Amino acid sequence: MNQISPLAYVDPGAQLGDGNIIGPFCVINKDVVIGNNNHFLNSVTVHDGARIGSGNEFFPGASIATKPQDLKFRGEVTTAEIGDNNSIRENVTISRGTASKGKTIVGSGNLLMENMHVAHDCVIGNGCIIGNSTKFAGEAIVDDNAIISAEVLCHQFCRVGSYVMIQGGSRFSQDIPPYIIAGKEPIRFAGINLVGLRRRGFSNETIEMIHDAYRIIYAQGLMKDGVAEARAKYPDSKEVEYICAFIEQSKRGIIR
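Scope of this entry: the structure provided in the associated data block. Note that the coordinates shown come from a computational prediction; the quantities given were computed from them, not determined experimentally.

## Notes on the sheet that holds strand β12 (residues 79-82)
Either a parallel or an antiparallel arrangement is found when strands of a sheet pair, and the pairing is made through backbone hydrogen bonds.
Reasoning step 1: One open sheet accounts for eight strands, arranged β3-β6-β9-β12-β15-β18-β21-β24; its pairing is parallel. Both outer strands of the open sheet, β3 (15-16) and β24 (159-160), are each paired with one neighbouring strand and no more.

## With respect to the side chain of serine 5
Reasoning step 1: With respect to the secondary-structure elements, serine 5 resides in the loop between β1 (3-4) and β2 (9-10).
Reasoning step 2: The exposure class assigned to serine 5 is buried, which follows from its relative accessible area of 16%.
Reasoning step 3: Residues in contact with serine 5, not counting those within four places in the same chain, are Ile22, Gly23 and Pro24.

## Comments concerning unusual backbone geometry
Reasoning step 1: A cis amide bond links glutamate 185 with the next residue in sequence, proline 186, at an omega value of 0°.
Reasoning step 2: Mapped onto the elements, proline 186 comes out in the loop between β27 (180-183) and β28 (188-192).
Reasoning step 3: Look at asparagine 115: it is not a glycine, yet its phi comes out positive at around 70°.
Reasoning step 4: Assignment of secondary structure puts asparagine 115 in the loop between β16 (111-112) and β17 (117-118).
Reasoning step 5: Look at glutamate 151: it is not a glycine, yet its phi comes out positive at around 55°.
Reasoning step 6: By the element assignment, glutamate 151 lies in the loop between β22 (147-148) and β23 (153-154).
Reasoning step 7: With a relative accessible area of 53%, glutamate 151 lands in the exposed category.

## Focus on the nonpolar core
Reasoning step 1: Membership of the largest hydrophobic core comes to 70 residues, with the highest contact counts inside it found for Ile94 and Ile166.
Reasoning step 2: Taken together, the elements giving at least two residues each to this core come down to β9 (50-52), β11 (63-66), β12, β27, α2 (204-219), α3 (223-233) and α4 (238-249).
Reasoning step 3: Per element, the largest residue contribution to this core is eight residues, and it comes from α2.

Definitions and limits used
- Residues numbered from 1 in each chain as written.
- Predicted model: local features only at pLDDT ≥ 70, side-chain atom pairs only at ≥ 80, totals over all residues.
- Heavy atoms only, no water.
- Pairing = 2+ DSSP bridges.
- Helix = DSSP H or I, 4+ residues; strand = E, 2+ residues; numbered from the N terminus.
- Buried < 20%, exposed > 50% of the residue type's maximum accessible area, 1.4 Å probe, protein only.
- Contact = heavy atoms within 4.5 Å.
- Core = buried A, V, L, I, M, F, W, Y, C linked by side-chain atoms within 4.5 Å.

In structure tokens form, the structure reads like this:
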């Protein structure tokens, strides 16, 4: 059974699972699908196109599946899809997709801190921590378990790799490959995310292999030569293969 405040508005066309708590002054629009055991504190707005899983917590002022901030948007039917067990804090805004991809995706187990923005057609993975007032422009991608500090600005179409730590106040317009610390001004490679990898259970041997792979890649004048050398040296490492494939697939180039 859902608990809905008499001061909330839930459109009769919205589809709700069971065990949801919807606080005062929340607005749930018509084309919305919500799973089970979500908690919407007061003053949360869920717009048309929201597809929400289970066990999420939405704090006051959050606005989910907002109209994209894209002048090319013509009202096409699109979605914003949110997984399970996310904590979406005060004044977070998540836009729905555009004709480009059709949907914005936020995975499961993420912490999206106060006042951060996920623009249209972005894909946020699982287990990410994204700091206060960080902004992602359209079609950015964040892989699993990334940690992105406060007030970071991400250019459209950029990708952030898994297990990354990005320094607060950074801004970037190139891709940030996995397992590293990115920081300083202008933003650049600042070493391996040693503490983060150890906390996530990576062995010293694996961490050293990742470190050596980056030493090889960044030492070469042409990054593709470094990728080929690192892949040849560690042919059986899934971590090194992920790094190499990430760099090869990059469309905006990699920070150095």
